[in-house]
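Observations on the three-dimensional arrangement
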Amino acid sequence: MVELLAPAGNFISLRAVLENGADAVYFGLDDYNMRANAKNFSLEDLSEVSGIAQEYGAKTYLCTNIILNEKSASKLQSSLEAISSSEIDGLILSDIGLIEDTVSNGLEAHISVQENVTNSFTLRTLAKLGAKRAILSRELSLREITEITKKSPIETEIFIHGAICMAISGRCFLSYGLYGRSANCGDCLQPCRKNWTLTYEEGEDSVVNFSDVEDETFVVTGSDDGSYRTNFFSPKDMCMIEYIPELIESGVASFKIEGRARSPDYGAMVTGIYREAIDSYQSDPLNYEVMDSWMEELTGVFNRGFDTNFYFNTPFETSEDNQSRYIKKDIGQVVNYYSKVEAAEIRIWDDLKLGDRIIIQGRTTGSVTHTIDSMQIEGESVENVEKGCNVAVGIPTKVRENDFVYKLVERNTDD
């Protein structure tokens, strides 16, 4: 059985992905991971994180995958005993120098994609050092992944969905060069995602094209000043939902969803879709089929358009902004939940009507998406509710006081 590994940027996301079928979760610790701008967890939170995961029978992997200098490496080493005592299962390491210390503290050592593992020779060396798993380079094709995995003495892991970085396995200097904020220390400001201006100096003929590719069109928009605007630094998001059988047959141990900095509803939706696809194939491979609804749901949450990365060819399409069909609007807060009648009392500050899709999120609730099919005010059924009142909404899933409520609003694609 392949493991479905989902991201958790905070306690709400943690609960959301576990409720939607994650076999394992990965998350960051303050100061040590590649998502410094996500909420992350403290050392004191780890016992609670592992306890919640154990409720679902899920494993826990802590990301410590920044480039470690002497001070941060020593600090992490001194924290390993406390991390181990919290019953976290393993560490995702970008530095092989800490494998021995990690294993000696009873933790699994997983090697980060930052190490850019591209062959079975490296995997054999990592096995000798004590590593249990390695996340393979994002620049590998599916054919290469299959070949490497067959020869590997340790588990392999691959990304199957989420953002892709312009740099080799995420090792980029652009953010630091422009802003002094290092991507390799988890503090990337993502200048690659911006709309860049391309100019060409008169008389400059030193650029020689040695490529065999005829279509090298990166320019997407002309400007009045004679320059061009382009997103050629920004690749589309990876989406492999249509290729679950091929990925499973490659022999990798774990499928990883990118997205610790994204919202809990994103994690819930993506995890749930891939859970359904994986279970569908593993239960009946001969009759497996890709459901149209899977892609429809995936395009409904944040995305930059989709590609298959390097799995089948070299990515060539660039992304622009969020391509999701919906935006998430903050509209209210849960006042109470009545289990006997399966209804939530919600204080709203935006209009609401039957048929609206809402998302309710909270630390214990996780992320619940629901289409409103019944509402009442003072015991009377209503079809529309104006902002500024409390309304009872029928919802079978238990939600909790102070949970946040959002409404999915269709994006205006004409802008």
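Anyway, here's the lowdown on the structure attached to this text.

Rules used throughout
Residues numbered from 1 in each chain as written. Predicted model: local features only at pLDDT ≥ 70, side-chain atom pairs only at ≥ 80, totals over all residues. Heavy atoms only, no water. Salt bridge = Lys/Arg side-chain N within 4 Å of Asp/Glu carboxyl O. Helix = DSSP H or I, 4+ residues; strand = E, 2+ residues; numbered from the N terminus. Buried < 20%, exposed > 50% of the residue type's maximum accessible area, 1.4 Å probe, protein only. Phe/Tyr/Trp six-rings, centres within 6.5 Å; stacked < 30°, edge-to-face > 60°. Arc of directions from axis to C-beta. Contact = heavy atoms within 4.5 Å. Pairing = 2+ DSSP bridges. Axes fitted to C-alpha atoms, helices over the stretch in contact; angles between N-to-C directions. 1 Å grid on protein atoms, 1.4 Å probe; cavity = no way out; pocket = protein on both sides within 12 Å on 5 of 7 lines; lining within 4 Å. Points joined across faces, edges and corners; volume = space filled by probe spheres on them. Nonpolar A, V, L, I, M, F, W, Y, C, P; charged D, E, K, R; others polar. Right-handed = clockwise from strand over helix to strand, strands pointing away.

Glancing now at the pattern of salt bridges. Should their charged atoms come close, side chains of opposite charge can pair. Scanning all chains against the criterion turns up 19 salt bridges. In this structure, Glu-157 engages Arg-133 in a salt bridge whose closest nitrogen and oxygen atoms are separated by 2.8 Å. A residue pair is termed long-range when its members are at least 10 positions apart, and Glu-157 in strand β7 (residues 155-162) and Arg-133 in strand β6 (residues 133-135) qualify at 24 residues. Each member of the pair Glu-157 and Arg-133 is classed as buried. Its salt-bridge partner being Arg-143, residue Glu-147 comes within 4.0 Å of it at the nearest N-O pair. Note that Glu-147 and Arg-143 are positioned in helix α6 (residues 142-151) at a spacing of four residues, about one turn of the helix.

Turning to the packing of aromatic side chains, a few remarks are in order. The full count for this structure, using the stated rule, is five aromatic pairs. Where Tyr-243 meets Phe-312, the ring centres are 4.7 Å apart and the plane angle is 50°; that geometry is what we call tilted. A residue pair is termed long-range when its members are at least 10 positions apart, and Tyr-243 in the loop between β11 (237-239) and α8 (244-249) and Phe-312 in the loop between β13 (306-307) and β14 (326-338) qualify at 69 residues. The partly exposed category is assigned to Tyr-243, whose relative accessible area is 24%. Judged by its relative accessible area of 41%, Phe-312 falls in the partly exposed class. Judged by centre distance (5.4 Å) and plane angle (90°), the rings of Tyr-281 and Tyr-288 are edge-to-face. Of the two residues, Tyr-281 and Tyr-288, both sit in the buried class. These aromatic residues form a ring-pair network of at least three members: Phe-11, Phe-27 and Phe-41.

Let us look at helix α2 (residues 46-55). Within the sequence span of α2, burial applies to Leu-46, Val-49, Ser-50, Ile-52 and Ala-53. Buried residues of α2, viewed axially, fall in a sector of 160°; they line one side. Contacts made by the buried residues of α2 are with α1 (11-19), β2 (24-28), β3 (59-64) and α3 (70-85). Immediately beyond the C-terminal end of α2, within one or two residues, lies Gly-57, with a positive phi of roughly 70°.

Below, the discussion takes up the sheet that holds β14. The eight strands lie next to each other as β18-β17-β23-β14-β15-β22-β19-β20, forming an open sheet whose pairing is antiparallel. In this open sheet, the two strands that pair with only one neighbour each are β18 (366-371) and β20 (380-381). Of the pairings in the sheet, the one linking strand β19 (residues 375-377) to β20 comprises two bridges and is antiparallel in character. Each bridged residue has a counterpart across the sheet, and for Gln-376 the counterpart in β20 is Ser-381. Running at roughly 60° to β18, α1 makes contact with β17 (357-362) and β18 of the sheet.

A few words now on empty space enclosed by the protein. Where empty space is left in the structure can be found by rolling a water-sized probe over the atoms. According to the stated counting rule, one finds three cavities of 30 Å³ or more in the structure shown. Approximately 50 Å³ is the volume attributed to the largest cavity. If you go around the largest cavity, the residues you meet are Leu-136, Ser-137, Arg-138, Leu-140, Ile-145, Ile-158, Phe-159, Asn-309 and Tyr-311. Looking at side-chain class alone, the lining of the largest cavity contains six nonpolar, two polar and one charged residues.

As a further point, take the pairing of strand β5 (residues 108-111). Here β5 shows two buried faces, one formed by Glu-108 and His-110 and the other by Ala-109 and Ile-111. Alignment of strand β4 (residues 90-93) against β5, held across four bridges, turns out to be parallel. Within the sheet, the bridge partner assigned to Gly-90 lies in β5 and is Glu-108. Note that the unit made of β4, helix α4 (residues 99-104) and β5 has a crossover that is right-handed. Two strands pair when backbone bridges link them, and β5 and β6 are joined in this way by two bridges, in the parallel orientation. Opposite Ile-111, over in β6, you have Ala-134 as the bridge partner.

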